[in-house]
Amino acid sequence: MSLNYIWSGFFLVGFLAALAQFIFLGDTEIFKRIIDGTFDSARTGVMDIALPLAGVMTLWLGIMNIGEKAGAIDLLAKLIAPFFSRIFPGVPSNHPATGHMVMNFSANLLGLDNAATPFGLKAMESLQTLNPNKDEPTDAQIMFLVLHTSGLTLIPLAIMAQRSILGAADPSDIFIPCMVATYVATMTGIIAVAIRQRINLFNRVVVGWLGGITAFIIGIVFYFTHYLTKPEIEVVSKVFSNFVLIAVIGGFIIGALRKKVNVYEAFIEGAKGGIQTSITVIPYLVGMLVAISVIRNAGLLGFIVQGFSWLFSFLGFNTDFVPALPTALMKPLSGSAAKAMMIDTMQTYGVDSFVGRLACVFQGSADTTFYIVALYFGSVGIRKTRYAISCGLIADLAGVIAAIAISYVFFY
């Protein structure tokens, strides 16, 4: 029911905000902007997201099926089973969902969104086979979704590329702040869900894995900052992430050939589900994107930012970060809208300004919670979200706070 109230609230609050602007500010264009925005968002949901997703899904579900035939997914599941069995206690250790989740998280770590989405949808589909109540998510599905919405990314490739396009003196200078902020968001998400599900995070295996991941991230930060120049960071990030992706495809094919699998037929068999999955999610995507556009075009974000500015000034805090907040506020709602906010902020305040850099760190600190809920739960017909949204937003908030703090340390 939470998603029902949130979706309805977007429309009702947006309408009231528009009505107030019409009555008190004399804005006669406000209703037209909102209606035009609903049409644009509906078109975007189908033409710019669902249809391109059909092609990407067709490709990667085919590749995923090759990996399953080759035994690679089962191997990944066995490698990470000790850790996942603790934070996903409802998933059997040898279940293919584990391997699918690993592939999704790996693609996210490398900033490979196009590959991460098909892997994630496949993981959600696998988890749904363990769900006795198909209308609402299991504990495992909520943990997976919150981990995904926290957006743990080692290499914010798209953000660095956009900074380069806009002429940043050092496009990769947001690399470490983004990594720190998204790591804080992810750890907060794990803790929030673990508390709700009464998962013991002080288990020796869990502490060992989380400690190892933390050490790995610290090691990457140390290596990149002490042994690579700024241009080399950008080149290594780009080459490494895409090399891993092509290596995965090659490894799956080689493994399948060794097992004498008909690779092409395996690809076609898996790829057939791509278009159907994309068609299934269209109503959920359009519904959420249209509701978000009402909030955006009603000007509510501007009012909220002004409110924050007044509040922090009243409390005596430095408010130089406030102009970057639209990116942070939009990120849980829409990735493309948050990206547009980020670009607009860099163009307005300067790509190398404190506000411009902070907007980039906001963009890299978490993922699009409401979009992901609509896409992933919608793909398997889940209509009740339980506490998935609240825990996802807690992780988002932690990422925003961490982004502000680390940006003041690095850029202010």
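Residues numbered from 1 in each chain as written. Predicted model: local features only at pLDDT ≥ 70, side-chain atom pairs only at ≥ 80, totals over all residues. Heavy atoms only, no water.

### Digging into the UniProt feature "transmembrane region" (unreviewed entry) in the protein chain
Link 1 in the chain: When the UniProt feature table is mapped onto this chain, "transmembrane region" (unreviewed entry) is found at residues 6-25, 142-162, 174-195, 207-227, 239-257, 278-305, 354-377 and 389-411.
Link 2 in the chain: Taken end to end, residues 6-25 comprises 95% helix and 0% strand; its first and last C-alpha atoms sit 27 Å apart.
Link 3 in the chain: Across residues 278-305, helical content stands at 93% and strand content at 0%; the span's end C-alpha atoms are separated by 35 Å. (UniProt positions renumbered as here; feature names shortened; annotations may be inferred. Helix = DSSP H or I, 4+ residues; strand = E, 2+ residues; numbered from the N terminus.)

### Remarks on empty space enclosed by the protein
A probe as big as a water molecule, rolled over the atoms, marks out the empty space that is left.
Link 1 in the chain: The final tally for this structure, using the stated rule, is 2 cavities of 30 Å³ or more.
Link 2 in the chain: Contributing elements (two or more residues each) for the lining of the largest cavity: helix 16 (354-365) and helix 18 (388-411).
Link 3 in the chain: The dominant element in the lining of the second largest cavity, judged by the number of residues it contributes, is helix 3 (residues 72-87), at 3 residues.
Link 4 in the chain: Classifying every residue of the lining of the second largest cavity by side-chain character gives 5 nonpolar, 3 polar and no charged. (1 Å grid on protein atoms, 1.4 Å probe; cavity = no way out; pocket = protein on both sides within 12 Å on 5 of 7 lines; lining within 4 Å. Points joined across faces, edges and corners; volume = space filled by probe spheres on them. Nonpolar A, V, L, I, M, F, W, Y, C, P; charged D, E, K, R; others polar.)

### So, helix 15 (residues 335-349)
Link 1 in the chain: For helix 15, which comprises 15 residues, the first-to-last C-alpha distance of 21 Å matches the rise-based estimate of 21 Å (1.5 Å per residue) to within 8%.
Link 2 in the chain: Among the residues making up helix 15, those that are buried are Ala337, Ala338, Met342, Ile343, Thr345 and Met346.
Link 3 in the chain: Structurally, helix 15 contributes buried residues whose contacts are with helix 7 (157-165), helix 12 (273-297), helix 14 (325-330) and helix 16.
Link 4 in the chain: Looking one or two residues past helix 15, Gly350 carries a phi angle of roughly 110°, positive in sign. (Expected span 1.5 Å × (residues − 1). Buried < 20%, exposed > 50% of the residue type's maximum accessible area, 1.4 Å probe, protein only. Contact = heavy atoms within 4.5 Å.)

### As for the packing of helix 8 (residues 175-197) against helix 16
Link 1 in the chain: Two elements in contact, helix 8 and helix 16, have axes separated by 8 Å at closest approach and are oriented at 40°. As far as their axial angle goes, helix 16 and helix 8 are oblique. Remark: the crossing between helix 8 and helix 16 carries right-handed chirality. Side by side, helix 8 and helix 16 meet where Pro177, Cys178, Ala181, Thr182 and Ala185 of the first sit next to Cys360, Val361, Gly364 and Ser365 of the second.
Link 2 in the chain: Its residues assigned to classes, the contact of helix 8 with helix 16 shows 6 nonpolar, 3 polar and no charged. (Axes fitted to C-alpha atoms, helices over the stretch in contact; angles between N-to-C directions. Parallel < 35°, antiparallel > 145°, perpendicular 65-115°, else oblique. Left-handed = near helix turned anticlockwise from the far one by under 90°.)

### Things to note about the nonpolar core
Link 1 in the chain: Core analysis: the biggest nonpolar cluster contains 109 residues, and Phe84, Phe88, Phe144 and Phe362 have the highest contact counts within it.
Link 2 in the chain: Element by element, the count of residues in this core is highest for helix 8, at 11 residues.
Link 3 in the chain: Setting aside residues no more than four positions away along its own chain, Phe144 makes contact with Phe88, Met101, Asn104, Phe105, Gly120, Ala123, Met124, Leu127 and Tyr376.
Link 4 in the chain: Core analysis: the second largest hydrophobic core is formed by 16 residues, Ile63, Met64, Ala107 and Val263 among them. (Core = buried A, V, L, I, M, F, W, Y, C linked by side-chain atoms within 4.5 Å.)

### Regarding the confidence of the model for the protein chain
Link 1 in the chain: Of the residues in the protein chain, 96% reach a pLDDT of 70 or more, and the chain-wide mean stands at 86.
Link 2 in the chain: Per-element confidence in the protein chain ranges from a low mean pLDDT of 79 for helix 7 to a high of 93 for helix 16. (pLDDT = per-residue confidence, 0-100.)

### Let's talk about a nonpolar patch on the surface
Link 1 in the chain: On the surface, a cluster of nonpolar side chains totalling about 580 Å² of accessible area is made up of Phe22, Ile23, Phe24, Leu25 and Phe303.
Link 2 in the chain: Here the nonpolar patch takes 3 residues from helix 1 (residues 2-24), the largest share from any one element.
Link 3 in the chain: For Ile23, the position within the fold is in helix 1.
Link 4 in the chain: The exposure class of Ile23 is exposed, given its relative accessible area of 53%. (Patch = residues over 30% accessible without salt bridge, like charges linked within 9 Å, V, L, I, M, F, W, Y side chains within 5 Å. Areas by Shrake-Rupley, 256 points an atom, 1.4 Å probe, with all protein chains shown as cover. Salt bridge = Lys/Arg side-chain N within 4 Å of Asp/Glu carboxyl O.)

### Some points on the side chain of Asn131
Link 1 in the chain: As for its placement among the helices and strands, Asn131 is situated in the loop between helix 5 (113-128) and helix 6 (139-149).
Link 2 in the chain: For Asn131, a relative accessible area of 4% corresponds to the buried category.
Link 3 in the chain: Leaving out residues up to four positions away in the same chain, Asn131 has contacts with Glu136, Pro137, Thr138, Gln141 and Ile382.

### Some thoughts on the packing of aromatic side chains
Link 1 in the chain: In total, this model carries 19 aromatic pairs according to the counting rule given.
Link 2 in the chain: Ring centres of Phe83 and Trp209 lie 5.4 Å apart, and the angle between their planes is 15°; on these two criteria the pair is classed as stacked. Residue Phe83 is found in helix 3, and its partner Trp209 is found in helix 9 (residues 204-227); the two are separated by 126 residues along the sequence.
Link 3 in the chain: A relative accessible area of 31% places Trp209 in the partly exposed class. (Phe/Tyr/Trp six-rings, centres within 6.5 Å; stacked < 30°, edge-to-face > 60°.)

### Describing the pattern of salt bridges
Link 1 in the chain: Enumeration according to the criterion identifies 10 salt bridges in this entry.
Link 2 in the chain: Notably, a salt bridge pairs Arg163 with Asp352, separated by 3.1 Å at the nearest N-O pair. One end of the pair, Arg163, is in helix 7; the other, Asp352, is in the loop between helix 15 and helix 16, and 189 residues separate them in sequence.
Link 3 in the chain: Since its relative accessible area comes to 28%, Asp352 is described here as partly exposed.
Link 4 in the chain: Asp173 is the partner of Arg357 in a salt bridge, and the nearest nitrogen-oxygen pair spans 2.9 Å. Pair noted here: Arg357 is in helix 16 and Asp173 is in the loop between helix 7 and helix 8, with a separation of 184 residues, a long-range link.

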